[in-house]
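Okay, here's what each chain looks like letter by letter:
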Amino acid sequence: MKIACVGAGPAGLYFAITMKLRDPAHEIDVFERNPPGVTFGWGVVFSDLTVDNITRNDPVSAKILTDEFAHWDDIDVHFKGETVTSGGHGFIGIGRKRLLEILQDRARGLGARLHFEAECDPADPKWRQYDLVIASDGINSRFRDAEAEAFGVDVDERRNKFVWLGTGKVFDAFTFAFEESEHGWIWAHAYRFAEDCSTFIVECSEATWKSFGFDRMDQSEAITVCEKLFAKYLGGHRLISNAAHLRGSAAWLNFRRIKCERWSSGNVILLGDAAHTAHFSIGSGTKLALEDAIKLADVLNRPGVSLQAALDEYQSERSLEVLKLQNSARNSTEWFETLERYTHFEPLQFAYSLLTRSQRISHENLRLRDREWLETVERWFWKRATEGRSNKTAPPMFAPFKLREMQVENRITVSPMAMYSAADGVPNDFHFVHYGERAIGGAGLLFTEMTCVSPEGRISPGCTGMWNADQLAAWKRIVDFVHANSKAKICLQLGHSGGKGSTKLGWEGNDVPLESGNWPVMSASDVPWSPINQVPKPMTRADMEAVREQFVTAVRMGLEAGFDMIELHAAHGYLLSSFITPLQNRRTDEYGGSLDNRLRYPLEVFAAMRAAWPSDRPMSIRISATDWAGEDGITPEESVLIGEAFAREGADLIDVSAGQTWAEQQPVYGRMFQTPFSDRIRNEGRLATMAVGNIYEPDHANSILAAGRADLVALARPHLVDPFWTIRAAAQLDYRDIAIPPQYLNGVAQLARNLKRDAEAAAAMRV
Ligand SMILES: Cc1cc2nc3c(=O)[nH]c(=O)nc-3n(C[C@H](O)[C@H](O)[C@H](O)COP(=O)(O)OP(=O)(O)OC[C@H]3O[C@@H](n4cnc5c(N)ncnc54)[C@H](O)[C@@H]3O)c2cc1C
Ligand SMILES: Cc1cc2nc3c(=O)[nH]c(=O)nc-3n(C[C@H](O)[C@H](O)[C@H](O)COP(=O)(O)O)c2cc1C
């Protein structure tokens with residue numbers, strides 16, 4: 001094949017090498033706009049896995065590269081005058097210039113023709129002479145942008161400003177240096193990539209950048225400012241830029257995340273940064289470029305495969321890999337963009353939060369990397385959780401937590417889950433066994449299902465209630481059992497279904513109206529949940545007062561039943577949520593319109609409940625932190641204001657759920673998918689929060705808690721299949737100090753032994 005590679009970055013050069021290795025008969029021209037030896041950037045880092053891949057592909061260039069790699073293990077985080085060092089991270093780095101020299105020599109040696117100072121124009125007819133034109137022309141690819149529609153290009157320009165500099169200072173560790181200035185926070189990502197040189201990337205928010213006046217400074221002035229700011233880390237060394245001699249490169253940049261729906265059009269194929277980018281803070285762009293090149297060369301040289309089939313396979317395999325990295329990269333990018341959310345942390349927790357920001361590194365990963373350091377974090381967590389009384393080194397999920405005078409034994413909670421199994425709102429033997437079993441299963445806090453304050457406030461005929469004496473007695477029996485047989489605390493979740501009421505049992509049809517026996521429903525406005533649901537009656541002031549009193553009565557009954565805590569359910573589109581979300585609330589009175597107005601009634605109910613509940617017992621509020629409807633609905637930004645408003649009325653904990661507030665929601669699911677909302681409310685609003693939503697491993701819980709993304713972690717579905725989830729986690733993590741029903745001690749000891757033996761056998765296999 002006759003092939004042109006536009007751009008002699010890692011992607012273009014490595015593709016030329018790999019094609020020539022597969023078949024020396026390929027004719028390959030590589031065109032590069034810059035002279036040889038001139039490039040942007042300084043060093044790049046790789047992982048061990050990338051080294052394995054390139055070694056399998058071309059042992060010759062891999063040998064030269066690996067001989068020159070700089071290795072280091074530690075990460076140093078400088079923050080508020082302290083340095084937090086953690087080890088075991090295992091980085092490998094090389095100068096970008098040297099990497100390109102090695103690849104250029106290898107490509108030439110294999111017979112590829114390299115043309116420097118050759119600016120390529122996509123409109124030039126010469127490209128038609130080639131069977132394939134590889135657009136390896138980087139993030140600002142002209143070849144991609146010339147056919148932006150055909151490639152389905154999606155660009156997301158990020159908020160922060162960064163500049164990629166170098167320095168003669170040799171950093172022994174991968175270094176993050178955060179400095180607070182009168183203009184705001186500014187920080188550097190620095191790492192050594194050669195005997196005498198390090199990369200030094202400076203980053204800050206746009207506001208800080210402008211406040212410094214960087215927008216009005218030339219490059220040398222900006223560098224002088226950065227040298228002063230980071231003088232204590234540079235030890236007298238200068239900062240150097242190489243952007244000046246480059247064509248098509250600027251000093252300060254905003255990172256641009258590129259995604260393409262299609263990676264080929266006609267004879268043009270996208271490769272490397274031209275097809276996709278991943279934020280520099282996870283250091284994977286070069287790896288992706290090299291791996292793209294290997295895959296594309298593989299499929300193009302496979303006998304009997306049509307060009308279209310080859311390109312389809314190239315895109316489908318590589319785009320999956322890219323998607324995973326882009327997801328982690330997005331988390332990492334956002335962490336730096338919202339840095340000020342975390343600057344109230346102590347240095348140790350700040351470093352932990354930084355290390356786990358992309359969610360690729362978890363608590364147990366950190367233990368494998370540097371057990372001693374992780375144990376320092378665990379001790380710190382316990383000390384804080386116990387106001388200095390405990391010096392325990394143990395997973396954060398087992399640390400106690402206090403809300404008013406209620407202390408929970410650990411941070412795991414059983415999230416509210418409707419069982420749809422009551423008759424006339426009265427909990428029965430099913431509920432007794434269900435809650436009893438979950439209480440003895442080890443969770444620190446147990447929530448009841450949404451328990452309704454009136455018959456019309458039920459979701460379905462199977463919902464539990466708290467409006468009469470039979471219900472109170474049945475709940476009291478459950479609460480007494482929980483208190484007598486476990487250390488768990490129990491919280492009564494109270495709610496009213498609003499416009500989502502009068503529907504079938506959950507498993508018969510979620511939100512589907514009853515076949516018969518429907519009762520009239522009311523809501524903030526006459527907006528039906530869906531075309532098949534009833535049109536609700538908009539609440540009058542008299543309705544509001546009546547319902548508020550029903551909540552207050554239920555609170556008093558909850559007290560009589562012995563509950564430790566009350567939660568008001570103001571999420572998921574039910575009555576109170578229908579006031580908060582603008583998608584359901586169309587009122588024009590003082591209960592509609594602005595967020596303050598929409599919150600007025602839910603806050604009134606909460607305040608009345610709070611007044612009826614003893615001041616030494618806590619109350620929480622469950623909210624939907626987003627309507628998953630973009631700017632049309634509640635946004636995560638507003639959820640902080642919502643949390644703050646309830647906190648002012650005495651809410652001690654914000655239970656951060658999301659969505660289910662309108663039928664056409666567009667949620668983005670994934671592991672721990674709602675935790676970012678809890679993180680935001682906790683750290684912007686400085687409120688205690690509970691995270692929930694697809695959290696299913698002890699490692700998830702520990703990572704969330706240690707990183708300060710929530711104070712409690714709720715699991716719903718995992719507890720449906722495993723009431724003993726917390727005790728099992730304790731056995732798995734070899735944590736002994738958890739309440740286990742004496743009747744079950746033997747079983748737990750046996751489980752712990754087996755899990756330990758399995759873990760040791762797995763570790764031995766790895767060695
Ligand atoms: C601050 C920063 C830090 C980074 N750190 C890391 C890291 O630690 N590890 C890592 O793996 N990655 C890192 N990256 C990402 C990495 O630089 C890129 O992902 C990688 O270079 C992509 O390789 P590429 O060959 O696709 O594109 P590039 O390396 O951008 O190469 C494209 C080439 O095409 C040339 N070109 C462009 N247009 C034309 C034209 N019209 N005619 C002729 N030539 C043209 C350019 O001059 C350039 O040489 C970082 C990126 C940034 C911005
Ligand atoms: C069967 C079932 C019933 C639920 N009922 C309630 C409820 O009564 N009140 C409530 O606030 N959330 C309810 N939820 C939502 C859960 O509390 C939780 O927020 C959600 O399931 C996400 O957590 P998970 O991924 O751990 O399951 C219910 C969830 C399930 C699976």
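Counting of residues starts from 1 at the beginning of each chain's written sequence and follows it residue by residue. Naming scheme: in the order in which they are written, chains are lettered from A and ligands are numbered from 1. pLDDT decides what is reported in this predicted model: residues at 70 or higher carry local features, side-chain atom pairs at 80 or more are listed and counted, and totals for whole chains, interfaces and linings draw on all residues regardless. Heavy atoms from the whole structure form the basis of all side-chain values; hydrogens and water molecules are not counted.

Help me understand the overall build of the protein, please; the structure alone is not making it clear to me.
Helix and strand definitions here come from DSSP, where helices need a minimum of 4 consecutive H or I residues and strands a minimum of 2 consecutive E residues; each element is numbered from the N-terminal end. The number of helices and strands found in the protein is 25 helices and 30 strands. Over its C-alpha trace the protein gives a radius of gyration of 30 Å, about what one expects of a compact globule, namely 27 Å for 767 residues. Dimensions along the principal axes, computed over C-alpha positions, put the protein at roughly 90 × 55 × 55 Å. Per-residue burial over the protein gives 59% buried out of 767 residues. Contacts are residue-level and defined by heavy atoms, with any inter-residue pair within 4.5 Å sufficient. Here the contacts in the protein between residues at least 6 apart in sequence split such that 71% fall between residues at least 24 apart. As a reference, a globule follows 2.2 Å times the number of residues to the power 0.38, and the radius of gyration itself is taken over C-alpha atoms. Think of it in three bands: with a 1.4 Å probe and only protein chains considered, a residue is buried below 20% of the maximum accessible area for its type, exposed above 50%, and partly exposed in between.

For this particular structure, what's the right way to read the environment of Asn-410?
Along the polypeptide, Asn-410 turns up in the loop between β19 (406-408) and β20 (412-414). A sequence separation of 77 residues divides Asn-410 from Lys-487, and the C-alpha atoms of the two residues are 9.7 Å apart. In contact with Asn-410, not counting residues within four places along its chain, are Met-397, Phe-398, Ala-399, Pro-400, Gly-442, Ala-443, Gly-444, Leu-712, Thr-726 and Ile-738. Polar contacts involving the side chain of Asn-410 include one to the main-chain amide nitrogen of Ile-412, which spans 3.0 Å. Polar contacts, as counted here, are pairs of nitrogen or oxygen atoms within 3.5 Å of one another; within protein the pair requires one atom able to donate a hydrogen and one able to accept it, and residues that are adjacent in sequence qualify only if both atoms are side-chain atoms.

Any chance you could explain empty space enclosed by the protein here in plain terms?
Rolled over the atoms, a probe as big as a water molecule pinpoints where empty space is left. Note on definitions: the grid is 1 Å and covers protein atoms alone; a cavity is a set of points where a 1.4 Å probe fits but cannot get out; a pocket is an open set with protein on both sides within 12 Å along at least five of seven lines; lining residues have an atom within 4 Å of a point. Grid points are joined across faces, edges and corners, and a volume is the space filled by probe spheres set on the points. A complete count under the given rule lists five cavities of 30 Å³ or more for this structure. In this structure, the largest cavity spans a volume of roughly 60 Å³. When residues are sorted by character, Ala, Val, Leu, Ile, Met, Phe, Trp, Tyr, Cys and Pro go into the nonpolar class, Asp, Glu, Lys and Arg into the charged class, and all the rest, Gly among them, into the polar class. Here the lining of the largest cavity is built from residues that sort into five nonpolar, four polar and one charged.

Just to check I follow, could you spell out the site of ligand 1 for this structure?
One heavy atom within 4 Å of a molecule or strand is enough for the residue carrying it to be called near that molecule or strand. Neighbouring residues of ligand 1: 31 residues in total, closest Ala-11, Glu-32, Arg-96, Asp-273 and Thr-286. Here Val-45 contributes a backbone N or O atom positioned 3.1 Å from an oxygen atom of ligand 1. Arg-96 is positioned with one of its side-chain polar atoms (N or O) 2.8 Å from an oxygen atom of ligand 1. Per-residue and other accessible areas were derived by the Shrake-Rupley procedure at a 1.4 Å probe size, with only the shown protein chains allowed to occlude residues. When isolated, ligand 1 has an accessible area of 990 Å², and the protein chains bury 94% of it. Mapped onto the shell around ligand 1, the elements with two or more residues apiece are α1 (10-22), β3 (43-46), β10 (153-167) and α10 (285-300).

Would you explain the sheet that holds strand β2 (residues 27-31) in this entry?
Pairing between the strands of a sheet is mediated by backbone hydrogen bonds and can be parallel or antiparallel. Read from one edge of the open sheet, six strands run β8-β2-β1-β9-β17-β16, paired in mixed fashion. Two strands in the sheet have a free side with no partner beyond their single neighbour: β8 (113-115) and β16 (264-265). Only when DSSP finds a minimum of two bridges between them are two strands counted as paired. Of the strand pairs in this sheet, β2 and β8 are connected by three bridges, and their pairing is parallel. Bridged to Val-30 within β8 is Leu-114. Comment: axis = line fitted to C-alpha atoms, over the contacting stretch for helices; angle = value between 0 and 180 degrees taken between N-to-C directions. Packing against the sheet, α1 makes contact with β1 (2-6), β2, β8 and β9 (132-135), and its axis sits at approximately 170 degrees to β2.

Hey, could you run me through the pairing of β2 in this one?
In regular strands, side chains alternate between the two faces of the sheet. For β2, the tally of buried residues reaches four of five residues, placing the bulk of the element in the interior. Strand direction decides the pairing type here: β1 and β2, joined by five bridges, are parallel. Each bridged residue has a counterpart across the sheet, and for Ile-3 the counterpart in β2 is Ile-28. By the criterion used throughout, a crossover qualifies as right-handed when its path from the first strand across the helix to the second strand runs clockwise, the strands pointing away from the viewer. After leaving β1, the chain enters α1 and then returns to the sheet as β2, a path that is right-handed.

Where do I start with the packing of aromatic side chains in this structure?
Geometrically, a pair of aromatic rings is defined through the distance of the ring centres and the angle of the planes. Only the six-membered ring of Trp is used, alongside the rings of Phe and Tyr, when aromatic pairs are assigned; centres must lie within 6.5 Å, and planes under 30 degrees apart are stacked while those over 60 apart are edge-to-face, with the rest tilted. Applying the stated criterion across every chain, the model contains 45 aromatic pairs. An angle of 35 degrees between the planes, with centres 6.1 Å apart, marks the rings of Trp-127 and Tyr-130 as tilted. Neither residue differs from the other here; Trp-127 and Tyr-130 are each classed as buried. Between Phe-255 and Phe-280, the ring centres sit 6.5 Å apart and the planes meet at 75 degrees, which makes this aromatic pair edge-to-face. Taken together, the residues Phe-255 in strand β15 (residues 252-260) and Phe-280 in the loop between β17 (268-270) and α10 connect sequence positions 25 residues apart. For the cation-ring pair, Lys-169 lies above Phe-171, with the distance from its terminal atom to the ring centre recorded as 5.6 Å. We count a charge as sitting over a ring when the NZ of a lysine or the CZ of an arginine lies within 6 Å of the ring centre and within 35 degrees of the ring normal. Taking NZ or CZ as reference, Arg-458 lies 5.1 Å from the ring centre of Trp-519, over its face.

Explain the pattern of salt bridges to me, please; I cannot follow it from the model alone.
Note that side chains of opposite charge can pair when their charged atoms are close. Salt bridge, as applied in this entry: a Lys or Arg side-chain nitrogen positioned within 4 Å of an Asp or Glu carboxyl oxygen. Under the definition given, this model contains 55 salt bridges. Residue Arg-302 pairs with Glu-313 through a salt bridge whose shortest N-O separation is 2.8 Å. Placement of Arg-302 in the loop between α10 and α11 (307-337) and of Glu-313 in helix α11 is noted, with a sequence separation of 11 residues between them. One network of salt bridges, with partners in common, ties together Arg-541, Glu-545, Arg-548, Glu-549 and Glu-604.

Everything listed is a geometric property; what it means functionally is a separate question.
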